[in-house]
Amino acid sequence: MKVGHTCEGRLILCSLVCQVFLFFPSLQIMTAASGEQALAGERKLRMPSCLLKLTRVVLSHKTCALFILIFVLVSLAYHKLYWSIGEDPKSSSPTSRLSADRSCAHYVPSALNVAGWPSPSAGNVFFVETSEQTAPSYLFSCSVESAARTHPASRVVVLMKGLAKGNGFMPKHWAFSLLSCFPNVEILPLDLTELFSGTTLAQWFLQPQRQQEPHFLAVLSDACRIVLMWKFGGIYLDTDFIVLKNLQNLTNALGIQGDSVLNGAFLSFEAKHKFMELCMQDFVQNYNGWVWGHQGPELLTRVFKKWCSLGTITSMSCKGVNALAQEVVYPIPWQDWKKLFEAVSALELQKLLKNTYAVHIWNKLSHGTKLKIPSQALLAQLYSQFCPATYAKMKQDSEELSRRAV
């Protein structure tokens with residue numbers, strides 16, 4: 001071996017042993033004592049640094065030094081692995097994305113080139129969960145997935161009250177793993193105090209007796225959506241919508257659910273729009289949390305009639321606000337929700353949804369009805385076409401239940 005290489009190797013080895021001294025003070029004392037014995041005949045030489053002094057110690061204790069070096073390197077590697085696993089997820093992606101591409105490939109079909117999607121730049125699409133639940137249903141997952149697929153250039157923001165009291169880690173649930181595969185989906189805690197701050201609803205929210213009202217969660221959801229539209233603008237959707245087309249061209253709009261009544265399950269407005277400001281004012285001035293829908297569809301209907309100075313609402317545009325025809329976002333009236341579970345042909349489906357942008361599933365009425373997967377039911381076909389990753393999970397779970405039943 002060449003002399004130069006030997007000296008270089010010694011210097012590297014000694015440098016690493018200095019790290020041992022930093023991590024293990026007791027070893028530092030023991031090795032220093034051995035060093036004094038090894039250098040007893042050379043006291044005339046004054047070593048200028050720890051590194052030069054240790055050179056001779058290491059050379060006289062090669063086996064021990066090598067053992068210590070290996071021990072330190074293994075310890076450092078272990079600690080690095082430990083802290084990287086326990087890293088606070090807030091320092092990474094807010095959606096707690098899956099680290100394994102294989103997992104995403106399992107949930108999201110390869111035909112979806114997520115890596116090629118543009119970075120979110122268009123207006124936000126908001127979903128809100130005002131209950132404490134953190135175990136999304138198939139329909140919840142489908143709603144977010146279908147919105148993410150039809151709005152690849154938008155941020156799809158899911159705000160969940162149940163996450164606000166968590167420890168910063170995303171709950172272990174298949175829906176969060178699935179949705180994290182979509183690069184434009186963000187799942188975030190819903191901070192209600194912060195959301196309502198600076199609005200006329202802040203004082204209303206701080207009154208504790210409100211939470212004793214029978215429809216408080218629904219009223220709270222009604223409040224969140226109009227504040228989100230006023231503060232940030234964009235699109236709001238209930239978590240029981242299946243989105244068929246991009247909704248960005250439906251601006252300053254809401255839909256007619258039937259019988260001249262507007263529904264707020266879909267809203268699309270520019271930030272600080274006067275119509276949303278009037279909705280917030282009406283929310284407080286005409287508040288009644290004991291009547292179902294009074295702060296929701298009835299509120300929007302009241303404000304729109306005043307906005308347009310009319311008595312009956314039809315599909316129309318009035319002072320820059322659009323009341324969309326029923327077929328646009330409510331093609332299945334709530335009275336006919338059972339049609340979602342009836343079989344339809346592909347031709348019938350195409351005809352039914354020709355002018356439709358999204359389908360409201362009326363979960364409050366339909367959630368207890370069993371949906372057979374696979375089947376020709378209208379709802380099953382909507383899942384299959386517009387949220388295929390969620391549908392694949394539904395099919396997988398259905399097959400698993402069938403195997404267990406045998």
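Source: prediction; values computed, not measured.

Colleague: Kindly report on the overall build of the chain, identifying the contributing residues and their values.
Modeller: Looking only at helices and strands, the chain has 17 helices and 10 strands in total. Expressed as a percentage of its 406 residues, the buried residues of the chain come to 45%. Here the analysis covers contacts within the chain between residues at least 6 apart in sequence; of these, 77% occur between residues at least 24 apart. As displayed, the chain offers around 21,700 Å² of accessible surface, 58% of which is attributable to carbon and sulfur atoms.

Colleague: Quick one: what's the story with the nonpolar core, residue by residue and with numbers?
Modeller: Here is a general trend for soluble globular proteins: nonpolar side chains tend to be buried in one another's company. Core analysis: the largest hydrophobic core is formed by 64 residues, its most contacted members being Ile187, Leu237, Ile242, Phe266, Leu371 and Tyr383. In this structure Phe266 touches Ile235, Tyr236, Leu237, Phe241, Leu247, Leu250, Ala253, Leu254, Gly255, Leu324, Val329 and Tyr330, once residues within four positions along its chain are discounted.

Colleague: Give me the environment of Thr239: which residues, what numbers.
Modeller: Structurally, Thr239 can be placed in the loop between strand S4 (234–237) and strand S5 (241–243). Take Thr239: its relative accessible area is 19%, and that puts it in the buried class. When residues no more than four places from it in sequence are discounted, the contact partners of Thr239 are Phe127, Val128, Leu139, Phe140 and Ser143.

Colleague: A description of the packing of helix H11 (residues 274–285) against helix H12 (residues 297–308) should follow, citing residues and the corresponding values.
Modeller: In the contact formed by H11 and H12, the axes pass within 10 Å of each other and the chain directions differ by 125 degrees. Classified by the interaxial angle, the pair formed by H11 and H12 is oblique. Helix-helix and strand crossings are classified by hand; for H11 and H12 the assignment is right-handed. Counting all contacts with H11, which are made through Lys274, Phe275, Leu278, Cys279, Asp282 and Phe283, the residues of H12 involved are Leu299, Leu300, Arg302, Val303, Phe304, Lys306 and Trp307. Taken together, the residues of the contact of H11 with H12 sort by class into 9 nonpolar, no polar and 4 charged.

Colleague: Outline H12, supporting the account with residue identities and numerical values.
Modeller: Here H12 is 12 residues long and its end C-alpha atoms lie 16 Å apart, about the 16 Å a rise of 1.5 Å per residue gives. Of all the positions in H12, only Leu299, Leu300, Thr301, Val303, Phe304, Trp307 and Cys308 are classed as buried. Immediately beyond the C-terminal end of H12, within one or two residues, lies Ser309, with a positive phi of roughly 55 degrees.

Colleague: Please set out the confidence of the model for the chain residue by residue, giving values where relevant.
Modeller: Counting all residues, the mean pLDDT for the chain is 81, and 70% of those residues have values of 70 or more. Contacts from residues 78–102, a stretch scored under 50 in pLDDT, to residues over four places away or in other chains number 26 contacts.

Colleague: How would you sum up the layout of surface pockets? Please name residues and give values.
Modeller: Where empty space is left can be seen by rolling a probe of water-molecule size over the atoms. As a volume, the largest pocket reaches approximately 1,200 Å³. Lining the largest pocket are 45 residues, and of these Ala218, Asp238, Asp240, Trp292 and Lys364 sit closest to its centre. The biggest single contributor to the lining of the largest pocket is helix H10 (residues 216–231), with 7 residues. When the residues that make up the lining of the largest pocket are grouped by side-chain class, the tally is 21 nonpolar, 17 polar and 7 charged.

Colleague: Would you mind going over the state of the cysteines in detail, with residue names and values included?
Modeller: For the structure shown, the criterion picks out 3 disulfides. Two residues share a disulfide in this structure: Cys104 and Cys181, whose sulfurs sit 2.3 Å from each other. The sign of the S-S torsion, about -95 degrees, decides the handedness of the disulfide formed by Cys104 and Cys181: left-handed. Linking Cys104 in helix H5 (residues 101–107) with Cys181 in the loop between helix H7 (174–179) and strand S3 (185–189), this pair joins segments that are 77 residues apart in sequence. The exposure class of Cys104 is buried, given its relative accessible area of 17%. Given a relative accessible area of 8%, Cys181 falls into the buried group. The disulfide that involves Cys142 links it to Cys387, with 2.1 Å between the sulfurs. The sign of the -85 degrees torsion about the S-S bond sets the Cys142-Cys387 disulfide as left-handed.

Colleague: Tell me about the pattern of salt bridges, and please be specific about residues and values.
Modeller: Charged atoms that come close allow side chains of opposite charge to pair. Summed over the entire model, instances satisfying the criterion amount to 11 salt bridges. A salt bridge links Lys161 to Glu132; the nearest nitrogen and oxygen atoms lie 2.4 Å apart. Here Lys161 is found in the loop between strand S2 (154–160) and H7, whereas its partner Glu132 is found in the loop between strand S1 (122–129) and helix H6 (138–150), with 29 residues between them in sequence. Here Asp397 and Lys393 are joined by a salt bridge, their closest N and O atoms 3.2 Å apart. Of this pair, Asp397 and Lys393 both sit in helix H17 (residues 388–405), 4 residues apart, which is roughly one turn of that helix. Residue Lys393 is classed as buried on the basis of its relative accessible area, which comes to 13%. Connected through salt bridges with shared partners, the residues Asp222, Arg225 and Asp238 form a single ionic network.

Colleague: How would you summarise unusual backbone geometry if you had to cite specific residues and measurements?
Modeller: Excluding glycine, most residues fall at negative phi; most peptide bonds, likewise, are trans. Cis geometry marks the peptide bond from Ile373 to Pro374; its omega dihedral reads -5 degrees. When you line up the elements, Pro374 lands in the loop between helix H15 (363–366) and helix H16 (378–386). Residue Lys272 is not a glycine yet carries a positive backbone phi of 60 degrees. Relative to the elements of secondary structure, Lys272 occurs in the loop between strand S7 (261–269) and H11. Judged by its relative accessible area of 48%, Lys272 falls in the partly exposed class. Here the phi dihedral of Trp362 falls at roughly 55 degrees; this positive angle occurs in a residue that is not glycine. Assignment of secondary structure puts Trp362 in the loop between strand S10 (358–360) and H15.

What counts as what
Residues numbered from 1 in each chain as written. Predicted model: local features only at pLDDT ≥ 70, side-chain atom pairs only at ≥ 80, totals over all residues. Heavy atoms only, no water. Helix = DSSP H or I, 4+ residues; strand = E, 2+ residues; numbered from the N terminus. Buried < 20%, exposed > 50% of the residue type's maximum accessible area, 1.4 Å probe, protein only. Contact = heavy atoms within 4.5 Å. Areas by Shrake-Rupley, 256 points an atom, 1.4 Å probe, with all protein chains shown as cover. Core = buried A, V, L, I, M, F, W, Y, C linked by side-chain atoms within 4.5 Å. Axes fitted to C-alpha atoms, helices over the stretch in contact; angles between N-to-C directions. Parallel < 35°, antiparallel > 145°, perpendicular 65-115°, else oblique. Left-handed = near helix turned anticlockwise from the far one by under 90°. Nonpolar A, V, L, I, M, F, W, Y, C, P; charged D, E, K, R; others polar. Expected span 1.5 Å × (residues − 1). pLDDT = per-residue confidence, 0-100. 1 Å grid on protein atoms, 1.4 Å probe; cavity = no way out; pocket = protein on both sides within 12 Å on 5 of 7 lines; lining within 4 Å. Points joined across faces, edges and corners; volume = space filled by probe spheres on them. Disulfide = S-S within 2.5 Å. Salt bridge = Lys/Arg side-chain N within 4 Å of Asp/Glu carboxyl O.

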